[in-house]
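Given next are the chains, with one letter for each unit.
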Amino acid sequence: MHDYQCVGLDVFVISKGLPKVPEKFEGFKLEMISQRGLKCWPGPLPEGMIVDWYTCRYVGSEITDESVKNLLEVLEKNIVWEKVQKLWNQNGKDLFSKSYES
Amino acid sequence: MATKIGILKGDGIGPEICAAVVELISKMKAPLEWVNIPCGEESIVTHESPMPQSSIDRVKELGVAIKGPTGTPIGAGRKSANVVLRKSLDLFSNVRPIQSIPGIETPFKNLDMVIVRENTEDVYAAIEHQLAPGVMQCLKIITRPGSERIARYAFEMARTLKRKKVTCIHKANIMKLTDGMFLEVFREVSKDYPDLEATDIIVDNVCMQLVQRPQQFDVLVTQNLYGDIVSDLCAGLIGGLGVAGGANIGHKTAVFEAVHGTAPDIAGKGLCNPTAMILSAVMMLEHLKMFDYAVKLRGALFDTIKDGKFLTGDLKGKATTKEFTAAISSRL
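Thresholds applied
Residues numbered from 1 in each chain as written. Chains lettered and ligands numbered in written order. Predicted model: local features only at pLDDT ≥ 70, side-chain atom pairs only at ≥ 80, totals over all residues. Heavy atoms only, no water. Helix = DSSP H or I, 4+ residues; strand = E, 2+ residues; numbered from the N terminus. Rg over C-alpha atoms; globule rule 2.2 N^0.38 Å. Buried < 20%, exposed > 50% of the residue type's maximum accessible area, 1.4 Å probe, protein only. Contact = heavy atoms within 4.5 Å. Lys, Arg positive; Asp, Glu negative; His and termini not counted. Charge placed at Lys NZ, Arg CZ, Asp CG, Glu CD. Pairing = 2+ DSSP bridges. Axes fitted to C-alpha atoms, helices over the stretch in contact; angles between N-to-C directions. Buried area = accessible area lost by both parts, 1.4 Å probe. Salt bridge = Lys/Arg side-chain N within 4 Å of Asp/Glu carboxyl O. Polar contact = N/O pair within 3.5 Å; in protein donor to acceptor, adjacent residues only side chain to side chain. Nonpolar A, V, L, I, M, F, W, Y, C, P; charged D, E, K, R; others polar. Core = buried A, V, L, I, M, F, W, Y, C linked by side-chain atoms within 4.5 Å. Domains from an automatic or database assignment. Expected span 1.5 Å × (residues − 1). Parallel < 35°, antiparallel > 145°, perpendicular 65-115°, else oblique. Left-handed = near helix turned anticlockwise from the far one by under 90°. pLDDT = per-residue confidence, 0-100.

A. Region of the structure containing the overall build of chain A. Looking only at helices and strands, one finds one helix and seven strands in chain A. Over its C-alpha trace chain A gives a radius of gyration of 14 Å, about what one expects of a compact globule, namely 13 Å for 102 residues. When the 102 residues of chain A are sorted by exposure, 49% land in the buried category. Considering only contacts within chain A whose residues lie at least 6 apart along the sequence, 73% involve residues at least 24 apart. Separation of charge centres in chain A, based on 13 positive and 15 negative side chains, amounts to 4 Å.

Printed below as a string of structure tokens:
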């Protein structure tokens, strides 16, 4: 499994409006926020219906369970995180979906 | 003053079927002005995206557009240009009329129903992850507001079209939370429409019923994935995807498109059948409240098919796209 690595996190959060989360924290960088698979940040909020459930995608290298816990501790100061999903990469291939964007 | 309409020609046979629509609308002298909007493979070259933000913005600005098919690669890579457009503009309702066309031989006669498919949620949110090697997940996202607006759209449409019954397709016996809520919301919304009969049916049962006794259905409303499958099944009942029009409707924007693919094997050969695109254009004219033009165009199309002298290969004829279009045009 040496070529199988965690390269990021999808943190699913409950938030009224775009969640206020840090763009950078230790080794993590906020790549985007999406809702129901559609990109909401960076850039303008999409047209139409919005619900109180967002996905914050953080990317980083050398992600450990400890660094994940540290990130969640920071996030939960402002928002309710509902679920965390690790993003895996194997042999250079991402094993997770991108969001919808143009 | 002419109404400006976006035209996204798309890939494969897209430019040919769009040309047929432009020719017929022009023949009728309908007050429309076409605004070319890039998408598909040409946009990948110029904008590095099959559905660039500038095209989405242009469609949004115009409010109404007609679109040819765009290709979607299977497997890793870009997401569907269609889904990007639908989600970006919140075109939450996919409307697919299923109406028998005289002259096309099918097992059932006089079919007349409409499928309303939720267009922005369900597994089409395409939130997928590998959980462990060889273990994948795709999240099925169903929301209460998303369920309510599609149910309401179906009932409103049924009432406007003077239809009698709305049927909700679901799998609530297995997916008790997602489909259970979808069904629950449908039943709640139905109470606002006492003049319409509201029924529901499990998705596997509806597939069986549709191929045995389709006449029992009127308006069908369902989620994204079931709608995708059931609407193609229903298109098969009236002669295939080549003769089924469709529309994607939001609160502010509407995009009318043929529901079939790009047919790369016959692209550029002048052999494609533009019927689905013409029927989508008929829906667009109705949406624009240009009912006289809509009736005229549908009538000329149906008469040409019934006449049978100038049919394309998929309808067992030998006519080219241009000959078929010319035959319709001559009736306008």
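B. Molecular detail of the environment of H260 of chain B. Residues and elements named next belong to chain B. Relative to the helices and strands, H260 is located in the loop between β12 (254-257) and α9 (275-287). Look at H260 and you get buried, because its relative accessible area is 12%. As for H260 and G242, which are separated by 18 residues in sequence, their C-alpha atoms are 6.2 Å apart. In this structure, H260 is in contact with I13, I17, P69, L241, G242 and A276, ignoring residues within four places of it in sequence.

C. Representation of the sheet that holds strand β10 (residues 219-222) of chain B. All names here are of chain B. The sheet built from ten strands is open, its strands ordered β2-β1-β3-β12-β11-β4-β5-β10-β8-β9 with mixed pairing. Of all the strands in the sheet, the pair left with one neighbour each is β2 (32-36) and β9 (197-202). Pairs of neighbouring strands in the sheet enclose a mean axial angle of 25°, with direction left out of account. As judged from the three bridges shared by strand β8 (residues 165-170) and β10, these two strands associate in the parallel manner. In the strand pairing of β10, T167 is matched with L220. The strands touched by helix α1 (residues 14-28) within the sheet are β1 (3-8), β2 and β3 (64-67), with β2 carrying the most contacts at an inclination of about 155°. The strands touched by helix α8 (residues 224-237) within the sheet are β4 (93-99), β5 (112-118), β8 and β10, with β5 carrying the most contacts at an inclination of about 155°.

D. Up close: the interface of chain A and chain B. Taken residue by residue, the interface counts 26 residues in chain A and 33 residues in chain B. Taking both sides of the interface into account, the surface hidden between chain A and chain B amounts to around 2,300 Å²; carbon and sulfur atoms contribute 60%. For the interface between chain A and chain B, the tally reads one salt bridge. Residue R36 of chain A pairs with E121 of chain B through a salt bridge whose shortest N-O separation is 2.8 Å. Joining chain A to chain B, the criterion identifies nine residue pairs in polar contact (both at pLDDT 80 or more). Considering each element in turn, the side of chain A that touches chain B owes the most residues, five residues, to strand β6 (residues 80-90) of chain A. Of the residues belonging to the side of chain A that touches chain B, the class tally is twelve nonpolar, seven polar and seven charged.

E. Summary view of the nonpolar core. Counting residues in each nonpolar core, the largest one holds 82 residues, and the members touching the most others are L210 and F256 of chain B. For this core, the leading source of residues is α9 of chain B, giving nine residues. Two domains share this core, each providing at least three of its residues, namely domain 1 (1-97 + 241-332) and domain 2 (107-238) of chain B. Counting 22 residues, the second-largest nonpolar core is a separate cluster that includes Y4, C56, L75 and W88 of chain A.

F. The arrangement of the domain arrangement of chain B in detail. Residues and elements named next belong to chain B. Domain assignment breaks chain B into domain 1 (1-97 + 241-332) and domain 2 (107-238). The straight-line distance from the C-alpha centre of domain 1 to that of domain 2 is 24 Å. Between domain 1 and domain 2, the residue contacts involve 17 residues of the former and 19 residues of the latter. Taken over both partners, the interface formed by domain 1 and domain 2 buries close to 1,600 Å², and the fraction arising from carbon and sulfur atoms is 51%.

G. Quick look at α1 of chain B. Residues and elements named next belong to chain B. Relative to the 21 Å expected for 15 residues at 1.5 Å per residue, α1 spans 22 Å between its end C-alpha atoms, a close match to the ideal helical length. Along α1, the residues that are buried comprise G14, E16, I17, C18, A20, V21, L24, I25 and M28. In this structure, the buried side of α1 is in contact with β1, β2, β3, α9, α10 (291-307) and α11 (321-329). Of the residues one or two after α1, K29 is the one with positive phi, at around 60°.

H. Structural view of the packing of α10 of chain B against α11 of chain B. All names here are of chain B. Put simply, α10 and α11 touch, their axes get as near as 8 Å, and they point 120° apart. It follows from the interaxial angle that α10 and α11 lie oblique. Classified by chirality, the crossing of α11 by α10 is right-handed. Contacts from A300, L301, T304 and I305 in α10 reach F324, A327 and I328 in α11. For the contact of α10 with α11, the residue count by class is six nonpolar, one polar and no charged.

I. Here's a closer look at unusual backbone geometry. Residue P42 of chain A is bonded to the preceding W41 of chain A through a cis peptide linkage, with omega at -5°. Looking at the element boundaries, P42 of chain A is found in the loop between β4 (38-41) and β5 (53-60). Although it is not a glycine, E26 of chain A adopts a positive phi angle of roughly 45°. Its identity as a non-glycine residue notwithstanding, K29 of chain B has a phi of 60°, on the positive side. Topologically, K29 of chain B is positioned in the loop between α1 and β2.

J. Geometry of the confidence of the model for chain B. For chain B, per-residue confidence averages 94 on the pLDDT scale, and residues scoring 70 or more make up 98% of the total. Both confidence scores are given for the complex: pTM 0.92, ipTM 0.92.

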